[in-house]
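Listed below, chain by chain, are the residues.
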Amino acid sequence: AVRQRVAKLPPVLMQFKKAIHRSNRSHAARVKRSTFSRWCGIAVNKEQGNDYNSEDLAAAAGIVGAEKLWHYNWRMTSEVHVDNVQFVPMIKEPGNTLGTHTSELPVAFEDGRGGVVKGWNEPDDAGQAGRDINLRSNPEAFAQAWTSDMLAAKAKGYTEFIGPAMAHDTCWLDYFLKACETTAGCKELVTYLAFHRYRLDCSAYEASPENAGWRDDLSYLLTYYRLMQKYNSRGFNIKGLVFDELGCLTPSYTFSDEEEQLQYMKQWYKLTLVKVKMGDADMINAIKSTPWIMPKGPDAHSGRSYSLGMCTAQDGGADAGEDAVRAIQSLVTVAWFSISPGKNHLFSGSAGQGISTLGQAYFDACKDVAGGGSLPDVPVPAPAESPSPSQDDDDGDDPLVVKLVARVTGKVLFASSGANGGQGLGMGSPEEHAEDSFWRLIRVAAGRYRIISRYSDRVLYAASGSNWGEGMGAGDPSSEVGANGEWNFVAQGGSHLYRIVNALNDRCLYSARAGDWGAGSPASWVGDDGVWSVEVQSSSATPAPATPAPATLAPAPTPQDDGDDDVLDGKRVQLVNAASQRTLYAKVGRNWGWGFGAAAEATTVNGDEGVWRLKLVTGGKYRIINEATDRALYAPSGSNWNKGVGAGSPQSKVGGDGDWRIIPQSGHH
């Protein structure tokens, strides 16, 4: 593999990043929403003749949309402002930003700032915060310093905290988080994991499994994703990954020319990151089938002490490709590194000259994910076969009329008349919204509904490519709302308690204690503020739960004796695809859609994880149960191809979508 010295900038550029440029200019815009529903970011400052100013930022906002864009400059303040473009301040190193004490951090939600603050810049690199050898070589000793810095930020009104931004040493972060886990208050002060990436091989870079650099980048993201998964299982609540510096360098560590940067931007950013975020099946499948995706280790909990240079490639396991896809899907934002002395790569140079070719490519790709500027009046039109909201459900029952009440806040979801898209939609008290909080549920498929305002006939949707508080709306006419207006109702236990999850993009509806609301993806990251009481106002029915979430599924059918002496019942088998020779498996310690797949080589499947037991149910139907995990294979209605399929445990939670017919084909077995 190509060995990369990532995020190690030459001395002149390090000095450039260190220079202080304080802001005294006031700015009236007050941004209230979190930055990281904003996919498109810029890592840029105004120094050393690069001529960056507010006109440049406004030009970028004109392409992407101001409410979809954020920027930072490695400082606490900025003199570059555009209304509704959010600035994210930074505490650059323990206790200060370039000599300005943490106590000087400006308050949140003023002067263009939101509620997000960035933490230390490259504590693993000798040219940045890691110039303190104690910090660079002993990450576990600094969990308390992090807690103190972020508590100071929290006291200023910040609510989301981007963890130390790593230059390259993922092991440093693992050992830091290990110490954070046992430091009082620390776990709650790491909202995102952040990292940087610079390549030396951009001219030859291709989004292809044969390209070592591409596999290297996938391995890098996979490492952070697995750290996030590991520490969330240990009590953290990390919401996603922040990729807040990336770009291209020459072998002498100066910035590459525009042609090389365009190659990397196209192959890695646009054809890989953006395509996966947009759900491109070809790219997703290409990554899943790519070999040699190898995260870095060893694990901080393995018993070894941290040492500089200890990180090496580790075996990624059979699901490395699948997890690499999830790593990209968990990215909440990316920020291209734009500046070097005397030059601004995303802009044309002198103030007001506009966007460079590189900048145009970047912001056009950003817009694809961010969805452009303001929300459209209505979402994407529905496919022709999508049922009309005026139709009754396919069971012939009258539509349910319900109120959707957030269990945590007691607020109701409403959609007023005379508005459209994201306007006139929100959460409010039941008393204030006695009329416009009634919704009709129109059944589309088992457990899946369209949610239509009885008051305004607007259909609730959550746009793909957006997240959390962004991209929510209710469209009218309802016939114009597509698949992002279909929702699964996932029962939670207790009378009429559900999670309401968008069937297209896995965004889970929530109403937070802090007052904000929206739909977050992946749904598993939404906490108890994503539980809703569905209060039925008419019809005695309640929504049929969706498959395959635990605690929502119908019990498995009771096996019956159909009178046949079936030779397959009880057999232990391997399921090997006749065309590809891929072996079906279900991993121990995972469930539902996780740790499930088909391995290209049976020798890579561990023991009975690739062995399945056939259990006759009735009438030639079988349950296919993994011997190692007792997980039952299922494929839910309403999904297709690689969507929704998995293996769930306990079996009693797998419904009728876990029954299979085994149809003989020509050839042995």
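As a convention, each chain's residues are numbered from 1 in the sequence order in which they are written. Whole-chain, interface and lining totals are the exception, using all residues; otherwise, since this is a predicted model, local features are given only for residues with pLDDT of at least 70 and side-chain atom pairs are given and counted only at 80 or more. As a rule here, side-chain values come from all non-hydrogen atoms in the structure, and water together with hydrogens is ignored.

K.L.:
Pulling in residues and values, what's your account of the nonpolar core?
P.N.:
Among buried residues, those of type Ala, Val, Leu, Ile, Met, Phe, Trp, Tyr and Cys that are joined through side-chain atoms within 4.5 Å constitute a nonpolar core. Classification of residues uses two cut-offs on accessible area relative to the type maximum, computed with a 1.4 Å probe and protein chains only: under 20% is buried, over 50% is exposed, and between them is partly exposed. Core analysis: the biggest nonpolar cluster contains 123 residues, and L221, W268, Y269, I287, L331 and F363 have the highest contact counts within it. Should any heavy atoms of two residues lie within 4.5 Å, those residues are considered in contact. Not counting residues up to four positions away in its chain, the partners in contact with W268 are Y205, W214, D217, L218, L221, F243, L246 and L273. Counting residues in hydrophobic clusters, the runner-up holds 26 residues, among them L425, M427, W439 and A519.

K.L.:
Account for the packing of aromatic side chains, naming residues and giving values.
P.N.:
Pairing of aromatic side chains requires ring centres within 6.5 Å, counting the rings of Phe and Tyr and the six-membered ring of Trp. Pairs whose planes differ by under 30 degrees are stacked, by over 60 edge-to-face, and all others tilted. Applying the stated criterion across every chain, the model contains 27 aromatic pairs. Put simply, the rings of W39, Y52, Y205, Y264, Y269, W336, F347, Y362 and F363 touch in pairs and so form one group of aromatic residues. Two limits define a charge over a ring: the Lys NZ or Arg CZ must be within 6 Å of the ring centre, and within 35 degrees of the ring normal. Above the face of the W468 ring, K239 is positioned so that its terminal group lies 5.6 Å from the ring centre. Here K403 stacks its cationic end above the ring of F438, 4.5 Å away from the centre of that ring.

K.L.:
Hey, could you go over the pairing of strand β17 (residues 425-428) for me, with residue numbers and the actual values?
P.N.:
Of the two faces of β17, the one carrying L425 and M427 and the one carrying G426 and G428 are both buried. Sheet analysis places strand β16 (residues 412-415) next to β17, joined by 4 bridges and oriented antiparallel. Within β17, the position partnered with A415 by the bridge is L425. Secondary structure counts use DSSP, requiring at least four H or I residues in a row for a helix and at least two E residues in a row for a strand, with both numbered from the N terminus. Note on pairing: DSSP must find at least two bridges between two strands before they are called paired.

K.L.:
Just give me the short version of the state of the cysteines, but keep the residues and values in it.
P.N.:
Put plainly, a disulfide is one covalent bond tying together the sulfur atoms of two cysteines. Whenever a pair of cysteine sulfur atoms sits within 2.5 Å, that pair is classed as a disulfide. As enumerated under the stated definition, the model contains 4 disulfides in all. Paired through a disulfide, C171 and C311 show a sulfur-sulfur distance of 1.9 Å. Disulfide C171 to C311: torsion about the S-S bond roughly 100°, handedness right-handed. Linking C171 in helix α5 (residues 170-181) with C311 in the loop between β10 (296-297) and β11 (312-313), this pair joins segments that are 140 residues apart in sequence. The exposure class of C311 is buried, given its relative accessible area of 19%. A disulfide bridge connects C180 with C186, and the sulfur atoms are separated by 2.0 Å. Sign of the S-S torsion, about -110° for the bond between C180 and C186, identifies this disulfide as left-handed. For C180, a relative accessible area of 0% corresponds to the buried category.

K.L.:
Explain the pattern of salt bridges to me, and be specific about the residues and the numbers.
P.N.:
Pairs can form between side chains of opposite charge once their charged atoms are near each other. Basic side-chain nitrogens of Lys or Arg form a salt bridge, by our definition, when they fall within 4 Å of a carboxyl oxygen of Asp or Glu. Evaluation of the coordinates by the stated rule reveals 27 salt bridges. K68 is paired through a salt bridge with E470; the nearest N and O atoms lie 3.6 Å apart. You can see K68 sitting in the loop between α2 (54-64) and β2 (69-72) and its partner E470 sitting in the loop between β20 (459-462) and β21 (472-475), a full 402 residues away along the chain. Residue class for K68 comes out buried when judged on its relative accessible area of 3%. Here R623 ties to D659 by a salt bridge, and the two come within 3.1 Å at their closest N and O atoms. Of this pair, R623 sits in strand β31 (residues 621-626) while D659 is found in the loop between β33 (646-648) and β34 (660-661), placing the two residues 36 residues apart along the sequence. Judged by relative accessible area, which is 3%, R623 ranks as buried. Each of R197, R199, D201, D216 and D217 takes part in one network of salt bridges that share partners.

K.L.:
Which residues make up helix α6 (residues 212-232), and what values do they have?
P.N.:
How far a helix is expected to stretch is found by multiplying one less than its residue total by 1.5 Å. Between the first and last C-alpha of α6 there are 30 Å, a value that for 21 residues agrees with the 30 Å anticipated at 1.5 Å per step. Counting buried residues along α6, 18 of its 21 residues qualify, which places the element largely inside the surrounding structure.

K.L.:
Would you mind going over the sheet that holds strand β8 (residues 192-199) in detail, with residue names and values included?
P.N.:
With parallel pairing, the 8 strands of this open sheet are ordered in space as β3-β2-β1-β12-β9-β8-β7-β6. A single partner strand is all that each edge strand has here, and the edge strands are β3 (86-87) and β6 (116-118). As defined by bridge partners, β2 adjoins β3 across 2 bridges and the pair is classed as parallel. In the strand pairing of β3, W70 is matched with Q86. For every element, the axis is a line fit to its C-alpha atoms; helices are fit only across the contacting stretch, and the angle between N-to-C directions ranges from 0 to 180 degrees. Along the sheet, helix α4 (residues 143-155) contacts β6 and β7 (160-166); its crossing angle with β7, the most-contacted strand, is approximately 145°.

K.L.:
Can you lay out the pairing of β21 for me, pointing to particular residues and giving the numbers?
P.N.:
Working note: regular strand, side chains alternate between the two faces of the sheet. The two faces of β21 match: M472 and A474 on one face and G473 and G475 on the other face are all buried. Of the strand pairs in this sheet, β20 and β21 are connected by 4 bridges, and their pairing is antiparallel. When the bridges of β21 are listed, L460 appears paired with A474.

K.L.:
I'd like a rundown of the environment of K288, residues and numbers included.
P.N.:
Of note, K288 is situated in helix α8 (residues 281-288). Put simply, K288 and A318 are 30 residues apart on the chain and 9.7 Å apart in space, counted from C-alpha to C-alpha. Apart from the residues within four sequence positions on either side, K288 is in contact with G321, E322, V325 and N642.

K.L.:
Can you break down the side chain of S453 residue by residue, with the values?
P.N.:
Relative to the helices and strands, S453 resides in strand β19 (residues 448-453). Whenever a nitrogen or oxygen atom comes within 3.5 Å of another N or O atom, the pair is scored as a polar contact, on the condition that within protein one atom can donate a hydrogen and the other can accept it, and that pairs from neighbouring residues in sequence are kept only if both atoms are in side chains. Here Y455 takes part through its backbone nitrogen, which lies 3.2 Å from a polar atom of the side chain of S453. Aside from chain neighbours lying at most four places away, what touches S453 is A415, F438, W439 and R458.

K.L.:
Lay out the side chain of D149 in plain terms, naming residues and giving numbers.
P.N.:
Of note, D149 is situated in helix α4. A positive count includes Lys and Arg, and a negative count includes Asp and Glu. His and the chain ends are not counted in either. Despite being buried, D149 has no salt bridge partner; K156 is the closest side chain of opposite charge, sitting 11 Å away. Once residues within four sequence positions are removed from consideration, D149 is found in contact with I91, E93, P94, G95, T102 and W120.

K.L.:
So what's going on with the environment of L497? Which residues, and what values?
P.N.:
Looking at the element boundaries, L497 is found in strand β23 (residues 497-502). Given the relative accessible area of 10%, L497 is considered buried. The contacts of L497, once residues within four sequence positions are left out, are R407, V490, A491, Q492, V531, W532 and S533.

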